[in-house]
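# Residue-level structure breakdown
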Amino acid sequence: SRGPDGTDLLSDMSTEAYGKTRQAIVTWILATDTQSHLEALGEFRLKVTAMEEQAANRADSNAQQLAFDPMNNPKDQVEALSIFFRAADIGHSAKAWE
């Protein structure tokens, strides 16, 4: 996994960090598969809506953890970034061919 200038961007990572990074990258690439786009988008919208409602209804901000928390939960971060990759992939297809 060498860059254009010959550097290996992942060479300084521990085995565990490398594994997690590789898994995240594979997840993001697979997220660009449009076959499951509508289903994934619907699930993401439900999670975001539930998170917003839960946050709005909490009396004490420390009382409970959000069900979907992409700011603090690594699993939710990967899921949110998967949606961003999907959006970028779809948006790129609308780019002019010039």
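Here's what I pulled together on the structure shown here. Numbers given to residues run from 1 along each chain, matching the order in which its sequence is written. Whole-chain, interface and lining totals are the exception, using all residues; otherwise, since this is a predicted model, local features are given only for residues with pLDDT of at least 70 and side-chain atom pairs are given and counted only at 80 or more. Heavy atoms from the whole structure form the basis of all side-chain values; hydrogens and water molecules are not counted.

Let us now look at the nonpolar core. Judged by nonpolar contacts, Phe44, Met51, Phe68, Ala80 and Ile83 together constitute the single largest core of five residues. What counts as a helix is a DSSP run of H or I of at least four residues, what counts as a strand is a run of E of at least two, and both are numbered from the N terminus. Breaking this core down by element, the ones donating at least two residues are helix H2 (37-57) and helix H3 (74-93). We call two residues in contact when some of their heavy atoms are within 4.5 Å. Discounting residues that sit within four places of it in the chain, phenylalanine 68 has contacts with Phe44, Lys47, Val48, Met51, Asp76 and Glu79. Buried residues of nine kinds, namely Ala, Val, Leu, Ile, Met, Phe, Trp, Tyr and Cys, make up a nonpolar core once their side-chain atoms join them within 4.5 Å. Burial classification: accessible surface area is computed with a 1.4 Å probe over protein chains only, and a residue below 20% of its type maximum counts as buried, one above 50% as exposed, and the rest as partly exposed.

Looking now at the packing of helix H1 (residues 15-30) against H3. A fitted line through C-alpha atoms represents every axis, and for helices the fit uses only the stretch in contact; the resulting angles, taken between N-to-C directions, go from 0 to 180 degrees. Between H1 and H3, the shortest axis-to-axis distance is 8 Å and the interhelical angle comes to 40 degrees. Here H1 lies oblique to H3, going by the angle between them. In the packing of H1 onto H3, the handedness of the crossing is right-handed. Listed contacts from H3 to Ala24, Thr27 and Trp28 of H1 are Val78, Leu81, Ser82 and Phe85. Classifying every residue of the contact of H1 with H3 gives five nonpolar, two polar and no charged. Between 65 and 115 degrees an angle is taken as roughly perpendicular, under 35 as roughly parallel, over 145 as roughly antiparallel, and anywhere else as oblique. For any pair of crossing helices, the crossing counts as left-handed if the nearer helix is rotated counterclockwise from the farther one by less than a right angle, and right-handed if it is rotated clockwise. Side-chain classes are defined by residue name, with Ala, Val, Leu, Ile, Met, Phe, Trp, Tyr, Cys and Pro counting as nonpolar, Asp, Glu, Lys and Arg as charged, and the others, Gly among them, as polar.

Now for H3. To estimate how far a helix should extend, the number of its residues minus one is multiplied by 1.5 Å. Its 20 residues give H3 an end-to-end C-alpha distance of 29 Å, which sits within 8% of 28 Å, the value for a rise of 1.5 Å per residue. Of all the positions in H3, only Asp76, Ala80, Ser82, Ile83 and Arg86 are classed as buried. What you see down the axis of H3 is that its buried residues fit within an arc of 145 degrees, all on one side. Facing away from the buried side of H3 by over 90 degrees, the exposed positions are Pro74, Phe84, Ala88 and His92. Regarding the arc, it is the one traced by the directions from the helix axis to the C-beta atoms.

Another aspect to go through is a nonpolar patch on the surface. Patch membership is restricted to residues that have no salt bridge and whose relative accessible area is over 30%. Joining uses 9 Å for like charges and 5 Å for the nonpolar side chains Val, Leu, Ile, Met, Phe, Trp and Tyr. Using a 1.4 Å probe, the Shrake-Rupley method yields the accessible areas, and only the shown protein chains count as cover for residues. The salt bridge definition used is simple: a Lys or Arg side-chain nitrogen within 4 Å of an Asp or Glu carboxyl oxygen. On the surface, Leu81, Phe84 and Phe85 cluster together to form a nonpolar patch covering roughly 280 Å² of accessible area. Within the secondary structure, leucine 81 is located in helix H3.

Looking at the element boundaries, histidine 37 is found in helix H2. We classify histidine 37 as buried; its relative accessible area is 19%. Once residues within four sequence positions are removed from consideration, histidine 37 is found in contact with Arg86 and Ile90.

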